Amino acid sequence: ENESGHNDKGERNLYWALGWRATGPETHYNKAPDSPRNGKPGGRLRKWKTRSRPVLAALYNAENSELTGTALHPTFLRNKEPGELTGYLMLDNEGNTVGYLIYDIVQGGKVLWHYESAGDPTERLRALAAISRKLEAEDLRFNRLHYNSPLARKLRTLDCYSETKYNLSGGWMIQIIN
């Protein structure tokens, strides 16, 4: 696409025509599920239906509320993609929810795609690595993480590959009203 919102065939992008614009660059991270190598998650994991809950919104908001461009939760009352995503609650030894993970398996089962999470970044990575190994996924992919999020900062200290994309449209978008 060019700056007028037309692709290389001269077709106008529908989103562009309706006033939607990309919010900015997106950074994606890929890493092998064998790290962090320092063990299993410290707490228990319990599968759950990926629906909004006040405790999960509070965890997400506490972690993301100071990051530019993030939307506070709840942004949806039910999963935006019902039946397509898997979720785990991260529980401490007393059974309190201290984090959560939402993911999908893509590319024929080869990639575990991180959709959203909150909680201690190291514990999240341990849990996602354990789930990836159990499912025999070859790669963990973290799309559209805020550059300064605790999880993105932790990933940059590990062996991972990152990619930053600048798109005129697509990905996270906002609509210009005025």
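Read on for an overview of the structure. As the structure is a prediction and not an experimental result, all values here were calculated from the model. (Residues numbered from 1 in each chain as written. Predicted model: local features only at pLDDT ≥ 70, side-chain atom pairs only at ≥ 80, totals over all residues. Heavy atoms only, no water.)

### Description of the pattern of salt bridges
As enumerated under the stated definition, the model contains three salt bridges in all. With its nearest N and O atoms 3.5 Å apart, the salt bridge here joins Glu-163 to Arg-141. Here Glu-163 is found in strand β8 (residues 160-165), whereas its partner Arg-141 is found in strand β7 (residues 139-145), with 22 residues between them in sequence. Owing to a relative accessible area of 21%, Arg-141 belongs among the partly exposed residues under this scheme. (Salt bridge = Lys/Arg side-chain N within 4 Å of Asp/Glu carboxyl O. Helix = DSSP H or I, 4+ residues; strand = E, 2+ residues; numbered from the N terminus. Buried < 20%, exposed > 50% of the residue type's maximum accessible area, 1.4 Å probe, protein only.)

### What to know about the sheet that holds strand β5 (residues 97-106)
Taken in spatial order, the seven strands make up an open sheet running β3-β4-β5-β6-β7-β2-β8, and their pairing is mixed. Taken across any chain shown, the strands that pair with only one partner, and hence form the sheet edges, are β3 (44-48) and β8. Going across the sheet, the axis of each strand differs from the next one's by a mean of 30°, ignoring polarity. Pairing geometry for β3 and strand β4 (residues 86-91), over five bridges, is antiparallel. The partner of Lys-47 across the bridge, within β4, is Tyr-88. On the sheet, helix α2 (residues 54-64) packs against β3, β4, β5 and β6 (111-118) and is oriented at approximately 90° with respect to β5. Across the face of the sheet, helix α3 (residues 121-135) comes into contact with β2 (26-31), β3, β4, β5, β6 and β7 while running at roughly 35° to β5. (Pairing = 2+ DSSP bridges. Axes fitted to C-alpha atoms, helices over the stretch in contact; angles between N-to-C directions. Contact = heavy atoms within 4.5 Å.)

### Here's the deal with the side chain of Glu-123
As for its position among the elements, Glu-123 is in helix α3. Owing to a relative accessible area of 19%, Glu-123 belongs among the buried residues under this scheme. Here Gly-42 takes part through its backbone nitrogen, which lies 2.4 Å from a polar atom of the side chain of Glu-123. When residues no more than four places from it in sequence are discounted, the contact partners of Glu-123 are Pro-41, Gly-42, Gly-43 and Met-90. (Polar contact = N/O pair within 3.5 Å; in protein donor to acceptor, adjacent residues only side chain to side chain.)

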